[in-house]
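Structure at a glance
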Amino acid sequence: MRQHRTPEPGWARAYRTVTAVWLLGKALTLAVNAVTFPRLRPAPVPVGGPRVSILIPARNEAANLPVTLPGVLAQGAHEVLVLDDRSDDGTGDVARHLGARVIPGEARPDGWHGKPWACQQLLRAASGDILIFTDADVTWHPGALGGLLRELHASGADLLSVQPRQSNVTPGERLLTPLVDAAVLSYFPFPLLRMTPPHPLATIANGQVMAYRRAALTRMGGYAAVRDQVLEDTVMARKLGQLGLRVSTVMGQGCIGVRMYRSYPESVAGFGKNALPIHLNSRAFMLASVALHVAGHTLPWLLPLPNRTALRAASLLERLAVNLIAGRRTPADLAEGLLGPVTPLLALPVLVRALRRRVSWKGREYRQ
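This is a predicted model, so every value here is computed, not measured.

Cut-offs used in this document
- Residues numbered from 1 in each chain as written.
- Predicted model: local features only at pLDDT ≥ 70, side-chain atom pairs only at ≥ 80, totals over all residues.
- Heavy atoms only, no water.
- Salt bridge = Lys/Arg side-chain N within 4 Å of Asp/Glu carboxyl O.
- Helix = DSSP H or I, 4+ residues; strand = E, 2+ residues; numbered from the N terminus.
- Buried < 20%, exposed > 50% of the residue type's maximum accessible area, 1.4 Å probe, protein only.
- Pairing = 2+ DSSP bridges.
- Axes fitted to C-alpha atoms, helices over the stretch in contact; angles between N-to-C directions.
- Contact = heavy atoms within 4.5 Å.
- Phe/Tyr/Trp six-rings, centres within 6.5 Å; stacked < 30°, edge-to-face > 60°.

1. Some points on the pattern of salt bridges
Scanning all chains against the criterion turns up 11 salt bridges. For Glu106, the salt bridge is made with Arg124, and the minimal N-O distance between the two is 2.8 Å. In this pair, Glu106 is assigned in the loop between β3 (101-104) and α4 (114-125) and Arg124 in helix α4, connecting sequence segments 18 residues apart. A relative accessible area of 48% places Arg124 in the partly exposed class. Salt bridges sharing common partners tie together Arg174, Arg319, Arg328, Asp333 and Glu336.

2. Re the sheet that holds strand β10 (residues 256-258)
Taken in spatial order, the 3 strands make up an open sheet running β5-β10-β7, and their pairing is mixed. The two strands at the open ends of the sheet, each matched to only one other strand, are β5 (138-140) and β7 (165-166). Pairing analysis gives 2 bridges linking β7 to β10, with the strands arranged parallel. Considered in β10, the bridge of Gln166 is made with Val258.

3. Focus on the sheet that holds strand β4 (residues 130-134)
Strand order in the open sheet formed by 7 strands is β3-β2-β1-β4-β8-β6-β9, and the pairing between neighbours is mixed. In this open sheet, the two edge strands, each paired with only one partner strand, are β3 and β9 (247-251). When the angles between neighbouring strand axes are averaged without regard to direction, this sheet yields 20 degrees. When strand β1 (residues 52-58) meets strand β2 (residues 79-84), the two strands line up parallel, connected through 6 bridges. Counted as the bridge partner of Ser53 is Glu79 from β2.

4. Topic: the side chain of Gln120
For Gln120, the position within the fold is in helix α4. Here Gln120 is in contact with Trp112, Gly221, Gly222, Tyr223 and Ala224, once residues within four sequence places are set aside.

5. Comments concerning the packing of aromatic side chains
Per the counting criterion, the structure on display carries 6 aromatic pairs. On the basis of an interplanar angle of 65 degrees and a centroid distance of 5.2 Å, the ring pair of Trp112 and Trp117 is categorised as edge-to-face. On the basis of relative accessibility, which here comes to 7%, the residue Trp117 falls in the buried class. An angle of 80 degrees between the planes, with centres 6.1 Å apart, marks the rings of Tyr212 and Tyr223 as edge-to-face. Separated by 11 residues along the polypeptide, Tyr212 in strand β8 (residues 209-213) and Tyr223 in the loop between α9 (214-220) and α10 (232-242) bring together distant segments of the chain. Relative accessible area serves as the criterion here: at 0%, Tyr212 is assigned to the buried category. Through pairs of rings, three or more aromatic residues link up here, namely Phe133, Tyr212 and Tyr223.

Below, the structure written as structure tokens:
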């Protein structure tokens, strides 16, 4: 006797179609970026090249600087300046002892957020033609500055930002922090980022390393243009693009790395302050994004749907592919792909934090 298959419910067919199209789009973007996204390669600093200032805003970074500052000082820049942003842990003394020139931070004026104000003070003090702002938790390896200058010249960019290679040590760091790479590599095809003029929604930058041509930053009016922005890096890139200036980005690979957060709670706090600006300050957009990630990565393991093998495989393979492209290829890095189905659930505390009207970071509160 011939058996009749139960028709698939309409909601299930619609769910499977939407998530499949979304996941396919991300897979295609990853494939494009695997081929086209530029990677830093070590190179010597060119003789007779531009004067370079490496500028480090630092607030309570006494623990990070002994690890990261020697590598910056060894790059051969014209000057390395550290802005001690009113720290209470001896940050300035540590930086001086290591050999950097330290600038005591001034009181933050009304209407300014902490990092833009620190960068503005560094801009005033710097003398270079190329101004490279880098965070205190970023590690520079031999040949990084030469590689960055070579890419800046090759790209013709007025602003070149770097996506540092993530260095995650503890299990808690691996839960969310690598999503920085996923957000860039699975949503932004590099050829689209290179469009001139750039589209505002296809303009990105990473404030961990931002290399400007001085003339471009001066034309912008410096960091005053983003004085009240939490996500000052991307907003700065958009404003530069609006002026017809060129913005580009590059992966740090083995040249420039970062250890952003030391635990899962630190990751939640860090992403919690950025999540809303990343979603164009739209809570509706942010909620829709979270819902889509839950639908695409988590629900295929929970719902009794037919033909769900492909969806389950995609939820496991995406983070694996991101890490391979980003150059994170140790067994522990690759094993992060197994977190794919639970990652949206792990990110829910970030959503809760981001929905608040005020967020805090490094002892300061900001209104969203």
